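Secondary and tertiary structure notes
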Amino acid sequence: MILLTVLLLACGSSKPRVEYVEAQQGIVILPVSQIADVEGPTAIRLGGPDPRLPVWLHASEELDFHAIATRCHRGRCGVRYEPDDDRFVCSCTDEEFRPDGSAVERRKPPLVTYPIDYRNETILIDLSPAR
Ligand code: FES
């Protein structure tokens, strides 16, 4: 089992936090207690030594989770989270994406997303087969 140091930067939250999560064969394991104090829909940027990170972890108010690449489909521009609109926005083109990674403009390709599972108060993000 490999331990990764993950830097959690809560967007809209005042304090960046450094936490440890476990990763095994490309699976990031994150206790939901790490984000339980964040109110409303939010996105947390997960970063660390794994080259597949960082990813955005989006949490809805109902605790539905999505894991989304922090770069757009063309791979050259960063995607930031806009908490007021609960949207991801390309830093180069201002294209908008919903929390599930789909483009607001219908003909645009979606952002890369990663399979995510939430059970027993734990979030598992599978970084291996990007979709
Ligand atoms: S360059 Fe890819 S969405 Fe902007």
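This brings us to the overall build of the protein. Helix and strand counts for the protein come out as zero helices and twelve strands. Beginning at the N terminus, the succession of helices and strands in the protein can be written as β-β-β-β-β-β-β-β-β-β-β-β. Sorting the 131 residues of the protein into buried and exposed places 27% on the buried side. In the protein, the proportion of contacts linking residues at least 24 apart, taken out of those at least 6 apart, comes to 42%.

The next thing to look at is the nonpolar core. Grouped together as the largest cluster of nonpolar side chains are 23 residues, with contacts concentrated most on Val55, Trp56, Leu57, Ile68, Phe88, Leu111 and Ile125. Of all the secondary structure elements, the ones that give two or more residues to this core are strand S3 (27-31), strand S4 (42-47), strand S5 (55-59), strand S6 (65-69), strand S7 (79-82), strand S8 (87-90) and strand S12 (122-126). Ranked by residues supplied to this core, first place goes to S5 with four residues.

Let us now look at unusual backbone geometry. The phi angle at Asp94 is positive, at roughly 65 degrees, despite the residue not being glycine. Its place among the elements puts Asp94 in the loop between S8 and strand S9 (96-97). The exposure class of Asp94 is exposed, given the 7 C-beta atoms found within 10 Å. For Glu121, which is not glycine, the phi dihedral falls at a positive 65 degrees.

Our focus in this paragraph is the sheet that holds S7. Taken in spatial order, the three strands line up as S7-S8-S9 in an open sheet, and their pairing is antiparallel. Across the chains shown, the open sheet's two edge strands, defined by having one partner strand only, are S7 and S9. Examined bridge by bridge, S8 and S9 share two bridges and lie antiparallel to one another. Residue pairing for S9: Phe88 is matched across the bridge by Phe97.

Scored by pLDDT, the protein comes out at a mean of 75, with 69% of its residues at no less than 70. The lowest-confidence element of the protein is strand S1 (residues 2-10), averaging 39 in pLDDT; the highest-confidence one is S9, averaging 96. The low-confidence segment residues 1-20, where pLDDT is below 50, has 46 contacts with residues more than four positions distant or belonging to other chains.

Direction of pairing for strand S11 (residues 116-119) relative to S12: antiparallel, over a ladder of four bridges. Residue pairing for S12: Asp117 is matched across the bridge by Leu124.

Thresholds applied
- Residues numbered from 1 in each chain as written.
- Predicted model: local features only at pLDDT ≥ 70, side-chain atom pairs only at ≥ 80, totals over all residues.
- Helix = DSSP H or I, 4+ residues; strand = E, 2+ residues; numbered from the N terminus.
- Buried ≥ 20, exposed ≤ 12 C-beta atoms within 10 Å, placed from the backbone.
- Contact = placed C-beta atoms within 7 Å.
- Core = buried A, V, L, I, M, F, W, Y, C linked by C-beta atoms within 7 Å.
- Pairing = 2+ DSSP bridges.
- pLDDT = per-residue confidence, 0-100.

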